[in-house]
Amino acid sequence: MKPIKNDKIEPKMELGSATKQKSQEKARYSRYDQERFQVNPVTDLQIDTALSFHGKTFNAIHNLQSSKPILNQLGESFNHSSAIKTVTHSAKMSTTSLPNHQKFRKRVPKTPIIVIPASGTALITMYNVLDILQDLKFITTEEKKQMNCRRENEVLIQRRKEDGTTTPYRVVDNPLKLTDEEWDRVVAVFVQGPAWQFKNWKWCGNPVEMFSKICAFHLKYDDQKLDANVESWSVNILEVSKTKRHMDKAVLPKFWKILDRFIASNKPYLRY
């Protein structure tokens, strides 16, 4: 019998195919063998990966960093310590070049001040000033004392305007404690009558000169005789009734209308 020939052709292995296959298997990614994929180490930042600061103090590390020059994008040497000095010097120069009023800009108060008599016989006192000027309702000092109301050294009233907004006004009865800056914010004074009320005040306590710079008011009963001194001075008169409280809304708002015109003409830099 003749031997049967096998027509099946065995594939020929190319030379070096086994070597290529082994190299491809070796080139596969392995998270445990990442270092071999780092072909080109990073040299742009000039970082020495073998450097260690173990056992060194902070000053030694800082001196080492500052002494080592850094290359900028243009390849030029750049020292960060000298750059810090340059920036600091520029900041100081920019500060010293500013005018004095821009270096220390102090906030200037703009709250107007109203002075009322310290005497308990006046119709307006620290007891009832809130009721009269803020609530526009006259209440006697005796009534407030019966309510066990506390007398304050200073009062801050909130003047309500027609548009719904409020403006603060500071009320004092001891103007001898006011500074020159505070005197500049005094817009109104309630006159009681006797000239001794203005003793040791600014402008030598001269009512004529004072009332040319401050708006003066006098609160009295409608059936009370007007004081001779008040009649001779430039004072705005406000008359209230002893019993007709519904008339207060017609009399007391005049105070704010007169005062608004005075501040707008003489001291517009204040809030009103």
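Residues numbered from 1 in each chain as written. Predicted model: local features only at pLDDT ≥ 70, side-chain atom pairs only at ≥ 80, totals over all residues. Heavy atoms only, no water.

Chemist: Hey, could you run me through the overall build of the protein in this one?
Modeler: Within the protein, the secondary structure is distributed over eleven helices and eight strands. The buried share among the 272 residues of the protein stands at 30%. The contacts in the protein between residues at least 6 apart in sequence include a share of 54% that link residues at least 24 apart. Split by element, the accessible area of the protein, about 20200 Å² in all, is 54% carbon and sulfur. (Helix = DSSP H or I, 4+ residues; strand = E, 2+ residues; numbered from the N terminus. Buried < 20%, exposed > 50% of the residue type's maximum accessible area, 1.4 Å probe, protein only. Contact = heavy atoms within 4.5 Å. Areas by Shrake-Rupley, 256 points an atom, 1.4 Å probe, with all protein chains shown as cover.)

Chemist: It is not clear to me how the pattern of salt bridges should be interpreted in this structure. Could you clarify?
Modeler: Side-chain pairs of opposite charge can arise whenever the charged atoms involved come near each other. In total, this model carries twelve salt bridges according to the counting rule given. Across the pair Glu 181 and Arg 185 runs a salt bridge, and its minimum N-O distance is 2.9 Å. Residue Arg 185 is classed as buried on the basis of its relative accessible area, which comes to 6%. Linking Asp 223 and Lys 242 is a salt bridge whose minimum nitrogen-to-oxygen distance equals 3.8 Å. Highlighted residues: Asp 223 in the loop between strand S7 (215–221) and helix H9 (228–232) and Lys 242 in the loop between strand S8 (236–240) and helix H10 (248–251), separated in sequence by 19 residues. (Salt bridge = Lys/Arg side-chain N within 4 Å of Asp/Glu carboxyl O.)

Chemist: Help me understand the packing of aromatic side chains, please; the structure alone is not making it clear to me.
Modeler: The tally for this structure, following the rule as stated, stands at twelve aromatic pairs. Judged by centre distance (5.9 Å) and plane angle (85 degrees), the ring pair of Phe 138 and Tyr 221 falls under edge-to-face. Within this pair, whereas Phe 138 is found in the loop between helix H5 (129–134) and helix H6 (141–146), its partner Tyr 221 is found in strand S7, the two being separated by 83 residues in sequence. For Phe 138, a relative accessible area of 3% gives the class buried. (Phe/Tyr/Trp six-rings, centres within 6.5 Å; stacked < 30°, edge-to-face > 60°.)

Chemist: Explain the nonpolar core to me, please; I cannot follow it from the model alone.
Modeler: One broad rule of soluble globular proteins: the nonpolar side chains tend to lie buried together. Counting 31 residues, the largest nonpolar core has Ile 114, Leu 133, Phe 190, Leu 219, Phe 255, Trp 256 and Leu 259 as its most contacted members. Among the elements that take part in this core, helix H11 (residues 253–266) stands out by supplying five residues, more than any other. The residues contacting Phe 255, other than those within four sequence positions of it, are Ile 114, Leu 133, Ala 188, Phe 190, Phe 217 and Leu 238. With 18 residues, the next largest nonpolar core counts Trp 183, Trp 203, Val 230 and Trp 233 among its residues. (Core = buried A, V, L, I, M, F, W, Y, C linked by side-chain atoms within 4.5 Å.)

Chemist: Is there a simple way to think about H11 in this case?
Modeler: With 14 residues, H11 ought to run about 20 Å at 1.5 Å a step, and its terminal C-alpha atoms sit 20 Å apart, in line with that. The complete set of buried residues in H11 reads Phe 255, Trp 256, Leu 259, Asp 260, Phe 262 and Ile 263. (Expected span 1.5 Å × (residues − 1).)

Chemist: Explanation requested: unusual backbone geometry in the structure shown.
Modeler: You will see that Leu 136, though not glycine, has its phi angle at about 55 degrees, which is positive. The buried category is assigned to Leu 136, whose relative accessible area is 17%. Phi is positive for Asn 200, which is not a glycine, with a value near 65 degrees. You can see Asn 200 is positioned in the loop between strand S6 (186–190) and helix H8 (207–210). Under the relative-accessibility criterion, Asn 200 is labelled exposed at 61%.

Chemist: Looking at this model, I keep getting lost on the pairing of strand S4 (residues 154–160). Mind explaining?
Modeler: Regular strands have side chains that alternate between both faces of the sheet. Side-chain alternation along S4 places Val 155, Ile 157 and Arg 159 on a buried face and Glu 154, Leu 156, Gln 158 and Arg 160 on a face that remains uncovered. Hairpin remark: S4 followed by strand S5 (residues 166–172), antiparallel, with five residues in the connecting loop; positive phi at Gly 164, about 95 degrees. (Pairing = 2+ DSSP bridges.)

Chemist: Looking at this model, I keep getting lost on the side chain of Thr 141. Mind explaining?
Modeler: By the secondary structure assignment, Thr 141 is in helix H6. At a separation of 2.9 Å, a polar atom in the side chain of Thr 141 contacts the side chain of Thr 125. Setting aside residues up to four positions removed in sequence, Thr 141 forms contacts with Ala 122, Leu 123, Thr 125, Tyr 127 and Asn 128. (Polar contact = N/O pair within 3.5 Å; in protein donor to acceptor, adjacent residues only side chain to side chain.)

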